[in-house]
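Topology and contacts: notes
So you can see what is in the structure, the chains are spelled out below.
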Amino acid sequence: MSTTEDLPVHLRGNGAPVYEEQTLTNVRVTGHIPAELNGRYLRNGANPITGMSDHPFLGDGMIHGVRLRDGNAEWYRNRYVQTPFMSDPDRVIIDMGASLTDMTQSKANTNVIGHAGMILALEEGHFPYALNGNLDTLGPTSFDGVLTGPFTAHPKTCPATGELIAFGYSMLEPYLTYLRVSADGKLVQKENITVGGPTMMHDFNITRNHVIFMDLPAVFDIDLAIRGEMPITWGHNYPARLGVMPRNGNDSNVTWYDINPCYVFHPMNAFEDGTKIVLDVARLDHIWRDGPMDFPPPSLYRWTIDTVTGRVAEEQIDDTPAEFPRVADSVIGQRHRYGYMAAVPSNDAFANPSLCDGTILKYDRLTGGRTSIELGKGRMPGESVFVPAAGGVNEDDGYLMTYVYNAASDTSDMVILDAATMSNEPIASVHLPRIPFGFHGNWVDASVAD
Ligand SMILES: [Fe+2]
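Here the structure is a predicted model, which is why all the values come from computation and not from measurement. (Residues numbered from 1 in each chain as written. Predicted model: local features only at pLDDT ≥ 70, side-chain atom pairs only at ≥ 80, totals over all residues.)

Let us now look at unusual backbone geometry. Most peptide bonds adopt trans geometry, and most residues besides glycine take a negative phi value. Here Glu173 and Pro174 are connected by a cis peptide whose omega angle stands at -5°. Its place among the elements puts Pro174 in the loop between strand 11 (164-169) and strand 12 (176-181). A positive phi angle, close to 55°, is found at Asp70, a residue other than glycine. By secondary structure assignment, the location of Asp70 is in the loop between strand 4 (61-69) and strand 5 (72-80). We classify Asp70 as exposed; it has 10 C-beta atoms within 10 Å. Phi is positive for Phe143, close to 50°, though the residue is something other than glycine. Mapped onto the fold, Phe143 is located in the loop between strand 9 (137-140) and strand 10 (156-157). Take Phe143: there are 19 C-beta atoms within 10 Å of it, and that puts it in the partly exposed class. (Helix = DSSP H or I, 4+ residues; strand = E, 2+ residues; numbered from the N terminus. Buried ≥ 20, exposed ≤ 12 C-beta atoms within 10 Å, placed from the backbone.)

See the structure below:
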């Protein structure tokens, strides 16, 4: 592991990549893994195969997974996603040619989901990459040739219909495309959506009947792209807007609402409330205004779109820096009560995790209250994924899963926490080798993909 000062900050400490692909079948467990959990906890992240990446978003996708069955951790595996960069690691990542037009040129490093029997590694500029249950790469997928452009890393599975609602954005026209994948995995709708220009649209929102696009001032900069740098900058004159469209609608049905300039990587959830639409989001005041590592601290905000007056109310729910918002999959697009986030450590603690007090936050939308899991000094969690308990009654009857980095031992645990009680003590900890910090993960139940 390299921790030398000459490496960029994102590759130091537990940002350093791991190179060995491991399969461990005798992993040590503390506590008791609930016997009802039958599936895989999978998480993706950027893990540059060369050991170097110019930006934290540009490393090669590596999936870390734990297979749970019958109360056991059957295996831990980590696997690179076998993209074209594996055999040609010096291939240019950002250019004005292949990276924009060849949809197989993905780093596949941002998210991993299960849908309709498929496990898909996702990155927002290209096609998804399909994996098998042992995390071996099957290859890029275009949904039988229907997908011709990028596919977001943040599609949403509607709990009411089972559809996978998605979109793609591009620096080339069409800048924005709406995508709807049926519950059985067919890409059944594709609509070009008119926006004011090419922007980085990392995520979006669904409700029971609508999608809400976030057209925000993270604009494409061709000069940066030509230089091979992260080609996005803050657009001082680009208006920030939310676009509401019926889920089976098209470009002519989009209503746009002006909001204050800001950036949102990740919404927590959205839902309809009569003629209003409520969105809870992790909001940044701006992004990439002062350079490629300009990420001011995000915090939880609420936007309420009044579809009658055309106005959007904005309210800060909490000023605690926090990211990776999630709700239970069962309430995506519906009125949720609980949302979970990871407290964002200071830059000093990120660079030196032994200083970090890892904290998982739980927001109660009904009471306005907030509780937390304190993991202790030198223990840093990633995004928490909610997994329902068998026979659960309340929305929070279930588990939070995440990888926690232990700075003292330079190892990681996959922890299973009680989402209802938010006890600091894990129900179970699966003790693993070091897992570098990453992006997004999901519980892929064996009933979804096996
Ligand atoms: Fe993301």
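Strand pairing in a sheet takes place through backbone hydrogen bonds and is either antiparallel or parallel in direction. One open sheet accounts for 5 strands, arranged 1-5-4-3-33; its pairing is antiparallel. Both outer strands of the open sheet, strand 1 (23-24) and strand 33 (441-445), are each paired with one neighbouring strand and no more. The sheet contact formed by strand 3 (residues 39-46) and strand 33 spans 5 bridges and is antiparallel. Looking at strand 33, one finds that Arg43 is bridged to Gly441. (Pairing = 2+ DSSP bridges.)

Bridge analysis of strand 26 (residues 357-364) against strand 27 (residues 370-377) gives 7 bridges, and the strand direction is antiparallel. Bridged to Gly358 within strand 27 is Gly376. Counting the residues in the hairpin turn of strand 26 and strand 27 gives 5 residues, including Gly368, whose phi is positive at 80°.

Read from one edge to the other, the open sheet built from 4 strands follows the order 10-11-12-13, with strand pairing classed as antiparallel. Every other strand in the sheet has two partners, leaving strand 10 and strand 13 (187-193) as the edge strands with one partner each. In this sheet, strand 12 lies alongside strand 11 in antiparallel orientation, the contact comprising 6 bridges. Residue Ile165 lies in a different strand from strand 12, and its bridge partner there is Arg180.

Our next topic: the nonpolar core. Counting residues in hydrophobic clusters, the biggest one holds 116 residues, and the most contacted among them are Ala121, Ile212, Leu400 and Met401. Excluding anything up to four places from it in sequence, Leu400 contacts Tyr340, Ile360, Ser384, Val385, Phe386, Leu417 and Ala419. (Core = buried A, V, L, I, M, F, W, Y, C linked by C-beta atoms within 7 Å. Contact = placed C-beta atoms within 7 Å.)

For strand 4, the buried fraction is high: 8 of the 9 residues fall into the buried class. Examined bridge by bridge, strand 3 and strand 4 share 8 bridges and lie antiparallel to one another. If you follow Asn44 over to strand 4, its bridge partner there is Ile63. Counted between consecutive antiparallel strands, the loop separating strand 4 from strand 5 contains 2 residues, among which Asp70 sits at a positive phi close to 55°.

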